[in-house]
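The chain contents come next:
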Amino acid sequence: MAAWGHFGDACMRLQWQDGGASRLFGGFVYSIPRRISSMRTLLSRTVTACATLVLATQVATPGIAAQDAAPQGQPLQAYRLPVGAQIDLDGRLDEEVWENAVPITDFTARLPVEGAEPTWPTEIRVVYDDDALYIGAKLHDDPDSVVAFQKRRDVSLGTDDRFMWIFDTFDDDRTGYFFETNANGLIGDGIITGSSGRSINKSWNTIWNVKTERLEDGWSVEVWMPFMSLNFDPDQTTWGINFQRTIRRRNEEIMWRGWRRNQSLFNPAFAGDLTGLDGLSQGIGLEARPYATGRYRYQPGDDDPTTWPNDVGLDLGYSITSGLRAAVSVNTDFAEVEVDRRQVNLTRFPIQFPEQRDFFLEGSGVYSFAPRSGPQPFFSRRIGLEGGQAIPIEYGARLGGQAGRFEVGFQQVRTAETEETAGEQFTVARAKYLFGQQSTIGAIWTRRGTGTLGMDPARDDRHTFGVDLDYRTTTFLGDRNLELEAFVAWNTDPLGGLRAPDEETPDFGALSARGVRVNYPNDVWQGHVSFRQFGDDYSPAVGFVRRNNFSRVEPRFGWFPRPESLESVRQFQFDVLFRNLSDLETGELLETFWEFGVFGMEFESGDEFDFEVTRLYEFLDRDFTVGREEIPILQGEYTNWGFDVEFQSARQRRVSISGNLGTEGFWDGDRRYASSTLSWRPRAGYEFGINVQRNMIELPRGSFDTNILRFDGAWDISAVASITGNLQYDDQSELLGLFLLGRWLVNPGSEFFFVYTHNWQRPEADLLDGNRSGFETLSRGAAFKINYTWRW
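What you see is a predicted model, and the numbers here were worked out from it, not measured in a lab. Sequence order sets the numbering: in each chain, residues are counted from 1 along the sequence as written. The model is predicted, so local features are restricted to residues of pLDDT at least 70 and side-chain atom pairs to those at 80 or more, both for listing and for counting; the totals for chains, interfaces and linings are taken over all residues. As a rule here, side-chain values come from all non-hydrogen atoms in the structure, and water together with hydrogens is ignored.

A.B. asks: Looking at this structure, how should I read the packing of aromatic side chains?
C.D. replies: The geometry of an aromatic ring pair is captured by two quantities: the separation of the ring centres and the angle between the planes. Between 30 and 60 degrees the pair is tilted, below 30 it is stacked and above 60 it is edge-to-face, where a pair is any two Phe, Tyr or Trp rings, Trp via its six-membered ring, whose centres lie within 6.5 Å. Under the definition given, this model contains 39 aromatic pairs. Aromatic side chains Tyr 729 and Phe 775 sit 5.9 Å apart centroid to centroid with 90 degrees between the ring planes, which places their arrangement in the edge-to-face category. Residue Tyr 729 is found in strand β40 (residues 721-730), and its partner Phe 775 is found in the loop between α8 (764-769) and β43 (776-787); the two are separated by 46 residues along the sequence. We call a residue buried when its accessible area falls under 20% of the maximum for its residue type, exposed when it is over 50%, and partly exposed in between, using a 1.4 Å probe and counting protein chains only. For Phe 775, a relative accessible area of 32% puts it in the partly exposed group. Every member of this aromatic cluster is reached through a ring pair, and the members are Phe 163, Trp 165, Phe 167, Tyr 177, Phe 179, Trp 204, Trp 208, Phe 227, Phe 232, Trp 239, Phe 243 and Trp 256. In this analysis the charged atom, NZ for Lys or CZ for Arg, is taken to sit over a ring once it is within 6 Å of the ring centre and within 35 degrees of the ring normal. The ring of Phe 359 has Arg 398 sitting right over it, with the charged end atom 4.7 Å from the ring centre. Directly above the ring of Phe 149 sits Arg 681, whose terminal nitrogen or CZ lies 5.7 Å from the centroid. Helix and strand assignments follow DSSP, with helices taken as H or I runs no shorter than four residues and strands as E runs no shorter than two, numbered in order from the N terminus.

A.B. asks: Help me understand a nonpolar patch on the surface in this model?
C.D. replies: Only residues whose relative accessible area exceeds 30% and that form no salt bridge enter a patch; like-charged residues are grouped when within 9 Å of one another, and nonpolar side chains (Val, Leu, Ile, Met, Phe, Trp, Tyr) when within 5 Å. Only the protein chains shown count as cover for residues, and the accessible areas themselves come from Shrake-Rupley with a 1.4 Å probe. Whenever a carboxyl oxygen of Asp or Glu lies within 4 Å of a side-chain nitrogen of Lys or Arg, that contact is scored as a salt bridge. A grouping of Val 720, Trp 744, Val 746, Phe 752, Phe 754, Phe 784 and Ile 786 is seen on the molecular surface, where their side chains present a nonpolar patch of about 600 Å² in accessible area. Counting only elements with at least two residues in the nonpolar patch, the list comes to β41 (735-747), β42 (750-761) and β43. Looking at the element boundaries, Phe 752 is found in strand β42.

A.B. asks: Sorry, what's going on with the sheet that holds strand β2 (residues 79-80) here?
C.D. replies: Strand order across the open sheet formed by five strands is β2-β4-β5-β11-β10, with mixed pairing between neighbours. This sheet does not close on itself; its edge strands, each paired only once, are β2 and β10 (209-215). Sheet topology note: the β10/strand β11 (residues 218-226) ladder contains seven bridges and is antiparallel. Directly across from Thr 212, in β11, lies its bridge partner Val 221. Paired strands are those between which DSSP finds at least two bridges.

A.B. asks: So what exactly am I meant to see when it comes to unusual backbone geometry here?
C.D. replies: Across residues other than glycine, the phi torsion is negative in most instances, and most of the peptide bonds are trans. Of the consecutive residues Leu 111 and Pro 112, the connecting peptide bond is found in the cis state with omega at 5 degrees. Looking at where Pro 112 falls in the secondary structure, it is placed in the loop between β3 (108-111) and β4 (122-128). Even without being a glycine, Leu 93 presents a positive backbone phi close to 55 degrees. Here Leu 93 lies in the loop between β2 and α5 (96-100).

A.B. asks: Which parts of the structure should I look at to understand the pattern of salt bridges?
C.D. replies: Pairs can form between side chains of opposite charge once their charged atoms are near each other. Applying the stated criterion to the full structure yields 45 salt bridges. A salt bridge links Asp 716 to Arg 152; the nearest nitrogen and oxygen atoms lie 2.8 Å apart. Of this pair, Asp 716 sits in strand β39 (residues 702-716) while Arg 152 sits in the loop between β5 (132-140) and β6 (162-168), and the two are 564 residues apart along the sequence. Residue classification places Asp 716 among the buried residues on the basis of a relative accessible area of 3%. Salt-bridge contacts for Arg 653 lead to Asp 607; the nearest nitrogen and oxygen are separated by 2.8 Å. Of the two residues, Arg 653 sits in the loop between β35 (636-648) and β36 (655-666) while Asp 607 sits in the loop between β31 (589-603) and β32 (608-620), which places them 46 residues apart along the sequence. For Arg 653, a relative accessible area of 36% gives the class partly exposed. The structure contains a network of salt bridges with shared partners spanning Arg 547, Arg 552, Glu 554, Arg 579 and Glu 591.

A.B. asks: What is the right way to look at the nonpolar core in this model?
C.D. replies: Where a protein is soluble and globular, its nonpolar side chains tend to be buried together. To form a nonpolar core, buried Ala, Val, Leu, Ile, Met, Phe, Trp, Tyr and Cys residues must be joined to one another through side-chain atoms within 4.5 Å. Ranked by size, the top nonpolar core spans 40 residues in total, and within it Leu 133, Phe 167, Trp 239 and Phe 243 carry the most contacts. Secondary-structure elements contributing two or more residues to this core are β4, β5, β6, β7 (176-181), β11 and β12 (239-247). Residues are treated as being in contact if the distance between any of their heavy atoms lies within 4.5 Å. Not counting residues up to four positions away in its chain, the partners in contact with Leu 133 are Val 126, Val 127, Tyr 128, Phe 167, Val 223, Trp 224, Met 225, Phe 227, Trp 239, Leu 274 and Leu 277. Membership of the second largest hydrophobic core comes to 26 residues, among which are Val 366, Phe 369, Ala 489 and Ala 541.

A.B. asks: Explanation requested: a negative patch on the surface in the structure shown.
C.D. replies: A surface patch of like charges, here negative, comprises Glu 504, Asp 507, Asp 536 and Glu 585. Mapped onto the elements of the fold, Glu 504 is located in the loop between β26 (480-491) and α7 (508-511). Positive: Lys, Arg. Negative: Asp, Glu. His and the chain ends are not part of the count. Lys charges are placed at NZ, Arg charges at CZ, Asp charges at CG and Glu charges at CD.

A.B. asks: Could you clarify how one ought to interpret the environment of Pro 350 in this entry?
C.D. replies: Along the polypeptide, Pro 350 turns up in the loop between β18 (324-332) and α6 (358-361). Overall, Pro 350 belongs to the partly exposed group, its relative accessible area being 39%. For Pro 350 and Val 545, which are 195 residues apart along the polypeptide, the C-alpha to C-alpha distance reads 8.5 Å. The residues contacting Pro 350, other than those within four sequence positions of it, are Asn 345, Phe 544, Val 545 and Arg 546.

Here it is, written out as C-alpha cells:
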C-alpha cells in the first residue's frame, strides 16, 4: 500500500491538469460512506496517480491526439434527396438519385496483402432526406462465386461474403454503430464498445432495413437507416464512417479507410468522414413497445402440474438529449431467451455463463470494467436469476448514452418476492470521462438491497465501488498500438448485518481488488504484462469473482510472422505465457503456469492449426471432490504437463469441422479429452451441427468419464423468418433438453416469437441400479410472444 501512496504523492502536483476528471473522481471518492472512510486517502492517491500519469504523458506529447484523429483521403459526400424524389427499397439502385450521388471507389486490401489493389472494385453512395439515410453499394464480383449461406438476423457471417459499415455519429473517434449484411439481405447490427472500439455488442437491435440484388457482375445493397434509430448531434454536419468488404473464397478483407493490419473497422479512430449532412430530424424521441405473452407449463409433481400463465408488459424509451436515452420496462419478459449451453466443471471454482437477456445486453458496453483483468463488479446475471432459475422482474429502468465528455449508464431493477427468494432492489451506476483521443477514466457503483422474506435479521445493503483507467494510443513508436488498463474495486462487508457482535470485520485489503495491465496488440509482435490482487472478501454482490485471496503476475509474448515465400500460408503463430499466483495473505506459492504456443499456422484458405504445451504447478490447500462420483483430490503439491492440438477448417465450405484434443496430468492422475464440432450447410438458410465433448479421468482413488452431446439446427426461411433449435445432453446431470424457437420479423421493430422447451432426466433409482434404459419428463412448456413498436 505504501508504494501506491508514494506514487499518488508524486503525482499530486499534476492533479488539476484536467479539471473534469479530477472533479468527477474527487467527488466520487469523498462520497464513500464514512464507515469505510479509512480507505479514502489511499484511493484518492491511486486514482489521481493513474489519471495524471496519462494526462502528463499527453501534455508531454501534444501531437498524439491530432495524429490519432487525422483523416485518411477525401471524405464521402452525402447527397440530399431532391424534394418529391423517393427511393423504392428493393436493392436494385435503379433510381436516378443514385446516379447523381458521387460514389467512393478508393478501397484498399487489408488481407491477404496489406495495401494491395482489391481483386474486385466496390462503389458506395450515400443519400439522405430529413428522416433517413440511404446507402447504395455495388460489390463487383463473379456472381457464381459469391458465398451466401446465412439469412438469420445477427448470425455470424464468418462463413459468407459480407459488407460491413460503421457510423461514428458524434465523430469522437471512440463510439459508434456497426451494421452488416450479405447477398441474402441478412440484417446484422451492434454497438461499438470500449473506449476505442475493438469489440461489438451485437445484442443491440435497432430499426432499419436492407435489400440486396444479384447482378451479372456481382451483387448490390440498398440500405434504409431512419435517423430515429441513431443518437447524434443534429447540428453536426460530419459523421465518421467506414466500410469493409469480405470476399470469403479468398479470405480477402477490403477497407475504405484504416486498411493497415494494426488498424480495424471496429476502431472509429481510423474511419473516414461523411460530410454534407444537414437538416436531420430525430422526431421527439419517444418509443413505445407493448408486448403480450401466453404460456403453457407442465411440471410433474406440482400440486397443479399444468398451468396456462399469460402476461402483458410495456417498454418505453425517450431520448432526453440527442445522446442520452432513458427507458422503462414493466413486467420485463424473457420468453425468447435461449437456454444456456451445457458445461462440465472439473475445477474447484465456479463457472460463468454468458448473459443472453436483451434487456441487460442492450447498452451493456458502458458497464465493462477492466475486462481483461476480471474484477467484474457488475455481472447482470446476478439480477433475476438464482441457481439458473428465473425470478420475475417487476420493473427495470435504464439511462445510457453520452453527455458531453461523459459516457454514462444507470440501471434500477426490482425483482419480485417468491416462496424461496426475497424481493430485491438492484442499482448500478457507471460513468466514464473521455479524455485524449481514445481513452477513459471511469467509476462504478452497485447496490443490492435484499428483503428478509419474513426472517430476521435483515442483512445490510451491499455496495461495490470501483475506479478504472483505460488508456489507448495508436501512435506508440509512430504507428503501433499500446494500451494501459488499471483498476481498484472494493465492496462493503459481504456479511454486513449477519455477523456476530464480536466478529471482526474484514479490512480494506481483504475487501478489495486492484491491478494494472499493459498490452501491445500489434501485427507480427504482440504481448502483455499484467499484475492483479484479489482480497479474500472481495465479493461484489452484483458481480462475479471466480477466485479470491491471490496475487498474480502474468506476462505473455507472441510472434506471428507472415511468410511471403509460402503462398498457401497466411501466418505462423509462436507465443509463450507465464503465470505466477501466490497467496495474498501469506505469500505462499499457489500456482505457476507455463503455456508454450509451440507452433500455429493459418492458411490462406481459412484452415487453422495450433499445437500447445503446458506445465502447471499447483498447491492445493484443502481437499475437494470432482465428478458426480465425488472422487476426492487430496491436499498437496502437484506438477503436471499437458499437450493440446486445436484445429479449424475453413467455414465457407458446406461442411466444416473444428475441435481440439489432448492429454494432461490431472492432479495425481491423468486426463484425456477431445471436443469437436461438425457443421453442415447444405444450402442457403439451412445449417445443422453436432458438438461432442468427452473427458476421460483416471485417478488413484477412482476414474470417471464426462460427456456432452449437442445437436443444433436452423432453417432460415427468409431474412425475417427462422426456426432454430438445439437438443443437448450431459451424463453428469443426466439431463436431456430440447429448445425450439420460431421468430418472425413482421416489420422492422415488430416481432412474433414461439418457443417450445422439453426437459427429461433419468430416474434416480435407475442411476443407482445402473439402469440406463430411459428418461422421464422433468418439465415441458410452450410460449408465444408478440411485440409492436411505435415511434414519434
